[in-house]
Amino acid sequence: MSAAARAEIPAHGLWSGEAVAEITAGAGATGWTARGVSIDTRTLAPGDLFVAIKGERLDGHDFVAEAVRRGAAACLVERLPAEAGSAARCLRVRDVQAALQALARGARARTGARVVAVTGSVGKTGTKEALRLVLARQGATHASAGNLNNQIGCPLSLARMPPGSRYAVMELGMNHAGEIEPLSRMVRPHVAVVTTIAPVHIEFLGTIEAIADAKAEIFAGLEPGGAAVLNRDSAQFDRLAARAREAGVARVIAFGSGAGAEARLLSCELGPDSSQVAAEILGRRVAYAVGQAGRHVAENSLAVLAAASLLGADIDRAAAALSDLAPVEGRGTRARIAVAGGEALMIDESYNASPPAVAAAIAVLARLQPGPGGRRVAVLGDMRELGEIARAAHAGLAEPLVAHAIDVVHTVGPHMEALRAAIPAALRGLHAATSAELAGHIRDLINPGDVVLVKGSLGTRMSAVVAALAGQPAAAH
């Protein structure tokens, strides 16, 4: 990024037209200031730069006129629209996605922020949100929204980063090998966190070791002197640590409950809504509350505090902030729902699912006390992308369901038939081929006082069941 482009940081905006034109080698409209960056006209705010990305189903170029009508400051395009008025607001580039990546690299180049990147098979979005929470208490913090963690979401998140940010938290995701490395080289983190390794996307990667290697690509972009924060309790810790050293990572920090962890869990008192934690973080003992249920959340809080410390944040202040940690939508949010004769409590875990994540959610369900006459009810949809282990992985959920004394289990999808066959007959509720089918019956299956967990992979669309329980129209994620 040139000195001229650095000088073009708007006083009351995010990007000047001149800076975007230089960074992207674009030609056309300049003289504007963008307050944000958008790829979706449905959520575009007046003053945003609209980037006309070509997706698998839709082409952003078909929505340029709509973006202009909605008040876009300018539009980044490969071809000009027919309408003269819209064309006059366009900056033309050779490749829009490459231009978005260039904009992301420009945002990274102009910031002095300390940057942490998070990946892992499970827990990465929750860990990212926890880092956002604790760092924001100590300085201006930018973080990727939702799960914008792929080849489009990651550069979009970077391009949205205000130049005055003190900290940045970026989530990196993947489905296949080779996807995280270019994202990491774009983000250039000072700290890389890997939450854990589990058989998620094993359908595409084949083995758990291949999954670990794909996640280890996050080390490729670490800044000189950077650190990796790895789960010591994971069976893949040694492999990840070796990959970090091969990548030239200066420091590897282990977190977990076992000996040798530099961010070590000393004790954890689990409650239905929160946990009380005592830990040693990089030689400093801290006691704190985590405002979200589950041992897995408490364990990941160790990585959060270690990473925050490595970025220069105060550990005590960061630990104190964790008492305000709340679930992300679709990942543990709770709501009281009206049912015939009273109300029940719903836990919405509908965003995604994997064997360890479902087991963790079941453990949280077990700690919640039903109301008078109520039951603990699990509504579970298929876990996707498990390949050859799918049947065994689904059947394996019978063990935590029985161990935690869950009262009834309703299931969705062909893979969940294996679980249905594995659990005692007394636990078997309704089985449906699709979430839409179960959604049509679910309210009749819930009693007053019940605590109801809804969880499944995004592709299983368990959000339809959540909507039905809440008495709302189904909404796609």
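Preceding this paragraph is the structure being described.
## Quick word on the nonpolar core
Next up, step 1: In terms of nonpolar packing, the biggest core is built from 42 residues, with Val116, Leu135, Val229, Ile281 and Tyr288 touching the most fellow members.
Next up, step 2: Leave out the neighbours within four places in its chain, and Tyr288 touches Ser275, Gln276, Val277, Ala279, Ala298, Ser301, Leu302, Leu305, Ala319 and Leu322.
Next up, step 3: One finds Cys154, Ala168, Ile202 and Leu222 within the second-largest nonpolar core, a separate group that totals 35 residues.

## Observations concerning the environment of Ser354
Next up, step 1: As for its placement among the helices and strands, Ser354 is situated in the loop between strand S18 (342-349) and helix H14 (355-367).
Next up, step 2: The buried category is assigned to Ser354, whose relative accessible area is 3%.
Next up, step 3: Counting along the chain gives 102 residues from Ser354 to Gly456, while the straight-line C-alpha distance between them is 8.0 Å.
Next up, step 4: Excluding anything up to four places from it in sequence, Ser354 contacts Val122, Val200 and Met383.

## Remarks on the packing of aromatic side chains
Next up, step 1: Tallied over the entire structure, the rule returns zero aromatic pairs.
Next up, step 2: Taking the ring centre of Trp15 as reference, the NZ or CZ of Arg110 above it sits at 3.7 Å.

## Concerning the sheet that holds strand S10 (residues 167-171)
Next up, step 1: The nine strands are arranged S9-S10-S8-S11-S12-S13-S14-S15-S16 in an open sheet whose pairing can be described as mixed. A strand with exactly one partner marks an edge of an open sheet, and here the two such strands are strand S9 (141-143) and strand S16 (284-290). The sheet shows a mean angle of 20° between the axes of neighbouring strands, direction not considered.
Next up, step 2: Relative to the sheet, helix H11 (residues 237-246) contacts strand S11 (191-194), strand S12 (227-231) and strand S13 (251-256), its axis offset from that of S12 by approximately 170°.

## Side note on the pairing of strand S14 (residues 263-270)
A regular strand places its side chains on the two faces of the sheet in alternate fashion.
Next up, step 1: Here S13 pairs with S14 via two bridges, running parallel. Bridge pairing links Phe255 to Ala263 in S14.
Next up, step 2: Pairing of S14 with strand S15 (residues 275-281), which is carried by seven bridges, proceeds in the antiparallel orientation. Bridge pairing links Arg264 to Glu280 in S15.
Next up, step 3: From the end of S14 to the start of S15, which pair antiparallel, there are four residues.

## Topic: H11
Next up, step 1: Buried within H11 we find Phe237, Leu240, Ala241 and Ala244. Projected down its long axis, H11 carries its buried residues within an arc of 100°, all on one side. Summarising the geometry of H11, the exposed residues directed more than 90 degrees from the buried face are Asp238 and Glu246.
Next up, step 2: Tucked inside the fold, the buried residues of H11 contact S11, helix H10 (208-215), S12 and S13.
Next up, step 3: Phi for Gly248, located one or two positions after H11, is positive at around 85°.

## Remarks on H14
Next up, step 1: For H14, spanning 13 residues, the distance from its first C-alpha to its last is 19 Å, which sits close to the expected 18 Å at 1.5 Å a residue.
Next up, step 2: Where H14 is concerned, the buried positions are Pro355, Val358, Ala360, Ala361, Ile362, Val364, Leu365 and Ala366.

What counts and how
- Residues numbered from 1 in each chain as written.
- Predicted model: local features only at pLDDT ≥ 70, side-chain atom pairs only at ≥ 80, totals over all residues.
- Heavy atoms only, no water.
- Core = buried A, V, L, I, M, F, W, Y, C linked by side-chain atoms within 4.5 Å.
- Buried < 20%, exposed > 50% of the residue type's maximum accessible area, 1.4 Å probe, protein only.
- Contact = heavy atoms within 4.5 Å.
- Helix = DSSP H or I, 4+ residues; strand = E, 2+ residues; numbered from the N terminus.
- Phe/Tyr/Trp six-rings, centres within 6.5 Å; stacked < 30°, edge-to-face > 60°.
- Lys NZ or Arg CZ within 6 Å of the ring centre and 35° of its normal.
- Pairing = 2+ DSSP bridges.
- Axes fitted to C-alpha atoms, helices over the stretch in contact; angles between N-to-C directions.
- Arc of directions from axis to C-beta.
- Expected span 1.5 Å × (residues − 1).

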